[in-house]
Amino acid sequence: MRSKNVLKEDIEAGIALLEQQIEDARHLLKQRPLNNKMHAAWSEETRSCLIKIYGPSSPNVRSLESTVGATPVWMGMPPEVAETYQASRLERSMSMLKSCIVSLKRKAGNSGRE
C-alpha cells in the first residue's frame, strides 16, 4: 500500500486490519489488570500491521513505538499506577490507529480519481 497507485482493495484490507487491532485493544482494556504479555503481543501485532500498510520506515510505525501514557513514569511505581499508565498507552495507541483509518478512508475515496 506504499506506492502512489494503491488499489482500493488494499486500502480496505489495511482498514480491516486496523479495525481488528482496535477491537482487540478494547478487549484487552476490559480485562483488568492488563496482562503485560498480551499487551506486548498486541503491540507487536499492531506494529506488523502498520508495516504491512505503510512500510517499515513510516512515521506511523514510529508513532506507535513511542506512544506514551497519560501519567508520568518512575522507577518503583506501584503496580496499580503502572497498570493505569499501560492502559492509557493502549488507549492512545487506539486513537492513533483511528486516525490512520480516517486517513486510509480518505485515500480509498480518492483512489478512483487518480
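Participant: I would appreciate a short explanation of the nonpolar core in the present structure.
Facilitator: Nonpolar side chains in soluble globular proteins tend to end up buried together. Residues Leu18, Trp42, Leu50, Leu90 and Leu97 are the most contacted members of the largest nonpolar core, which totals 23 residues. Of all the elements in the fold, those that place two or more residues in this core are α1 (8-30), α2 (36-54), α3 (59-65) and α4 (79-110). If we ignore the near neighbours within four places in the chain, the residues touching leucine 18 are Cys49, Leu50, Ile53, Leu97, Cys100, Ile101 and Leu104.

Participant: Would you take a moment to explain α1 for this structure?
Facilitator: Since there are 3.6 residues in each turn of an α-helix, residues three or four apart along the chain are aligned in direction. Taking 1.5 Å per residue, 23 residues should reach 33 Å; α1 reaches 33 Å between its end C-alpha atoms and fits that length. Regarding α1, the residues found buried are Ile11, Gly14, Ile15, Leu18, Gln21, Ile22, Ala25, Leu28 and Leu29. On the buried face of α1, the contacting elements are α2 and α4.

Participant: Explain the side chain of serine 93 to me, please; I cannot follow it from the model alone.
Facilitator: Inspection of the secondary structure puts serine 93 in helix α4. For serine 93, the contacting residues outside a window of four places in its chain are Trp42, Leu64 and Thr67.

Participant: Teacher, can you tell me more about the environment of arginine 89 here?
Facilitator: Structurally, arginine 89 is set in helix α4. Linking arginine 89 and asparagine 110, residues 21 residues apart in sequence, is a C-alpha distance of 32 Å. Apart from residues lying up to four places away in sequence, arginine 89 is in contact with His39, Glu65, Thr67, Val68 and Gly69.

Participant: Looking at this model, I keep getting lost on the pattern of salt bridges. Mind explaining?
Facilitator: Pairs can form between side chains of opposite charge once their charged atoms are near each other. Scanning all chains against the criterion turns up 3 salt bridges. Residue glutamate 23 is joined to arginine 26 by a salt bridge in which the shortest nitrogen-to-oxygen separation is 3.4 Å. Separated by 3 residues within a single helix, glutamate 23 and arginine 26 lie in helix α1, roughly one turn from each other. Looking at arginine 26, the relative accessible area reads 35%, which means it is partly exposed.

Participant: Would you take a moment to explain the side chain of glutamate 83 for this structure?
Facilitator: When you line up the elements, glutamate 83 lands in helix α4. Reaching out from glutamate 83, the side chain makes a polar contact with the backbone nitrogen of leucine 34 at a distance of 3.0 Å.

Participant: Would you mind going over the packing of α1 against α4 with me for this structure?
Facilitator: Angle between the axes and distance between the axes: these two values describe a pair of packed helices. Interaxial distance between α1 and α4 falls to 9 Å at its minimum, and their mutual angle equals 160 degrees. Between α1 and α4, the interaxial angle falls into the category roughly antiparallel. The way α1 lies across α4 gives a crossing that is left-handed. Where α1 approaches α4, its residues Lys8, Ile11, Gly14, Ile15, Leu18, Glu19, Gln21, Ile22, Ala25, Arg26, Leu28 and Leu29 are matched on the opposing element by Ala87, Leu90, Glu91, Met94, Leu97, Lys98, Cys100, Ile101, Leu104, Lys105, Lys107 and Ala108.

Participant: What exactly am I supposed to notice about the state of the cysteines here?
Facilitator: Note on terminology: a disulfide is the covalent bond linking the sulfur atoms of two cysteines. Applying the stated rule across the entire model yields 0 disulfides. Cysteine 100 supplies the cysteine sulfur nearest to cysteine 49, a cysteine that is in no disulfide, at a spacing of 11 Å. Among the residues examined, cysteine 49 registers a relative accessible area of 1% and is labelled buried.

About the thresholds
- Residues numbered from 1 in each chain as written.
- Predicted model: local features only at pLDDT ≥ 70, side-chain atom pairs only at ≥ 80, totals over all residues.
- Heavy atoms only, no water.
- Core = buried A, V, L, I, M, F, W, Y, C linked by side-chain atoms within 4.5 Å.
- Buried < 20%, exposed > 50% of the residue type's maximum accessible area, 1.4 Å probe, protein only.
- Helix = DSSP H or I, 4+ residues; strand = E, 2+ residues; numbered from the N terminus.
- Contact = heavy atoms within 4.5 Å.
- Expected span 1.5 Å × (residues − 1).
- Salt bridge = Lys/Arg side-chain N within 4 Å of Asp/Glu carboxyl O.
- Polar contact = N/O pair within 3.5 Å; in protein donor to acceptor, adjacent residues only side chain to side chain.
- Axes fitted to C-alpha atoms, helices over the stretch in contact; angles between N-to-C directions.
- Parallel < 35°, antiparallel > 145°, perpendicular 65-115°, else oblique.
- Left-handed = near helix turned anticlockwise from the far one by under 90°.
- Disulfide = S-S within 2.5 Å.

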